[in-house]
Amino acid sequence: MRNTGVELALTWNDQVNKDFYYSIGVNGAYNKNIVTRIANGEGVIHGRAVVEQAAELYRAEVGYPIGYFHTYVTDGVFQTQQELDAWLAAGKPTISDNPQPGDLKVLDLNGDGVLNQDDDKTMTGDPNPHFTAGLNISVNYKGFDFGVSGYGMFGHQIFRAWRQYGHRPYQNYTTEVFDYWHGEGTSNKLPILYSSNSKGLNTDMFIENGDFFRFQTVTLGYDFNRLWKNSPFGQLRVYVQGQNLYTITGYKGMDPEVGTSSGFDSWAKGIDLGFYPQPRTILMGLNIKF
């Protein structure tokens, strides 16, 4: 496996006067991951299935990023019976033996008229971030101190596996259920709800952009030695700190920071099984130095 990229870190420190100084630090990195050799004739290490009746979701393959998502490609949702009839008349296969409006359109990539796990699945997502970034800001003024730190990951995808379990009528986990197809023109991405709709197929319907930037800590403090001139302490600082205050993301799951998924191969990433999200925490504290 080969990783190539570049990292850059910049820091600026400035003291404006005896009471006010600040520091700003930013860092960023770009990385491209690719598998260069696998010691078998196929050049593939097959991953595992994530949900019932489904084939492998991820794999390692020569020429591709490690753990990439290997799924069917969708082309919307059948809106009318006429649209479905035209699809069938063109010799295109469907995911259901008894297709109906509201079903997903799944592409037959090799055009042989059959949806085949080996020939019609392709790379539809990369769980490895292409860019990472960090931010640190600190300000000090007359005994007050303020600090912000954050980090982000960009250019990767997440497979929201818990939604695949939640497509059935008795598993409506979120209000997203109201966005599923329920008549012509209602949705061209999310199919009709019924118990055997997906047939365990891994498709790009479950893959989402995983970009995020998280404000990791925000801290505000004050050293009361500024007021207490005869203080016996070297520092008497009271502070309040917020952890994980806010995350900027378009991801619809509970937490976009999905790493290695327990129960799968150690090189599998970005598979969201519905992990408990990182908590938002507010701390208050006292620093005393003698």
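A.B. asks: Teacher, can you tell me more about the overall build of the protein here?
C.D. replies: When helices and strands are counted, the protein shows two helices and 16 strands. A globule of 290 residues ought to have a C-alpha radius of gyration of about 19 Å, yet the protein, at 26 Å, is considerably larger. Overall, the protein is about 90 × 45 × 30 Å in size when its C-alpha atoms are taken along their principal axes. Across the 290 residues that make up the protein, the buried fraction comes to 43%. Restricting to contacts in the protein with at least 6 residues of sequence separation, those with at least 24 account for 66%.

A.B. asks: Would you explain the nonpolar core in this entry?
C.D. replies: Nonpolar side chains in soluble globular proteins generally cluster together in the buried interior. Core analysis: the biggest nonpolar cluster contains 27 residues, and L57, Y58, F159 and I271 have the highest contact counts within it. Elements with a contribution of two residues or more to this core: β4 (58-61) and β7 (104-106). Apart from residues no more than four positions distant in its own chain, Y58 is found in contact with H46, G47, R48, G67, Y68, F264, D265, W267, A268 and I271.

A.B. asks: Can you walk me through the packing of aromatic side chains in this structure?
C.D. replies: The relation between two aromatic rings is expressed through the spacing of the ring centres and the mutual angle of the planes. Inspection of every chain in the model, using the stated rule, returns 14 aromatic pairs. With 6.1 Å between their ring centres and 75° between their planes, F20 and Y141 make a pair best called edge-to-face. Of this pair, F20 sits in strand β2 (residues 20-34) while Y141 sits in strand β9 (residues 131-141), placing them 121 residues apart in sequence. In this structure F20 comes out as partly exposed when scored by relative accessible area, which is 26%. Taking 6.0 Å as the distance between ring centres and 85° as the angle between the ring planes, the aromatic pair formed by Y151 and F212 counts as edge-to-face.

A.B. asks: Quick question: what am I supposed to make of the sheet that holds strand β14 (residues 235-249) here?
C.D. replies: The strands that make up a sheet are held in pairs by hydrogen bonds between backbone atoms, and each pair lies either parallel or antiparallel. Read across the open sheet, the seven strands follow the order β1-β2-β9-β10-β13-β14-β16; overall the sheet is antiparallel. Edge positions in the sheet fall to β1 (2-15) and β16 (281-289), since each has one partner strand and no second. If you compare each strand with its neighbour and ignore which way they point, the axes differ by 10° on average. The pairing of β14 with β16 spans nine bridges and is antiparallel. Bridging from a neighbouring strand, Y239 pairs with G285 of β16.

A.B. asks: Could you clarify how one ought to interpret the side chain of T247 in this entry?
C.D. replies: Within the fold, T247 resides in strand β14. A polar atom in the side chain of T247 sits 3.1 Å from the side chain of R214. Here T247 is in contact with F212, F213, R214 and P256, once residues within four sequence places are set aside.

A.B. asks: Mind showing me how you'd approach the sheet that holds strand β11 (residues 157-160) here?
C.D. replies: The three strands lie next to each other as β12-β11-β15, forming an open sheet whose pairing is mixed. Strands with a single pairing partner mark the edges of an open sheet, and in this sheet they are β12 (207-209) and β15 (271-272). Two strands pair when backbone bridges link them, and β11 and β15 are joined in this way by two bridges, in the parallel orientation. When the sheet's bridge partners are listed, R160 is paired in β15 with D272.

Definitions and cut-offs
Throughout this document, residue positions are counted from 1 along each chain, in the order its sequence is written. Predicted model: local features are reported for residues with pLDDT of at least 70 only, side-chain atom pairs are reported and counted for 80 or more only, and whole-chain, interface and lining totals are derived from all residues. Values reported for side chains reflect all heavy atoms of the structure, with hydrogen atoms and water molecules removed beforehand. Under the DSSP-based scheme used, a helix requires at least four consecutive residues in state H or I and a strand at least two consecutive residues in state E, with every element numbered from the N terminus. As a reference, a globule follows 2.2 Å times the number of residues to the power 0.38, and the radius of gyration itself is taken over C-alpha atoms. Burial status follows relative accessibility: with a 1.4 Å probe on protein chains alone, a residue under 20% of its type maximum counts as buried, one over 50% as exposed, and anything between as partly exposed. The contact criterion used throughout is that any non-hydrogen atoms of two residues lie within 4.5 Å. For the purposes of this section, nonpolar cores are sets of buried Ala, Val, Leu, Ile, Met, Phe, Trp, Tyr and Cys residues that join through side-chain atoms within 4.5 Å. Working definition: a ring pair exists when centres of Phe, Tyr or Trp rings (six-membered ring for Trp) sit within 6.5 Å. Plane angles under 30 degrees give stacked, over 60 give edge-to-face, the rest tilted. Think of it this way: DSSP has to see at least two bridges between two strands before they count as a pair. Here an angle of 0 to 180 degrees is reported between the N-to-C directions of two axes, which are lines fitted to C-alpha atoms, with helices fitted over the stretch in contact. Polar contacts, as used here, are pairs of N or O atoms within 3.5 Å; protein pairs need one atom able to donate a hydrogen and one able to accept it. Residues neighboring in sequence count only if both atoms are side-chain atoms.

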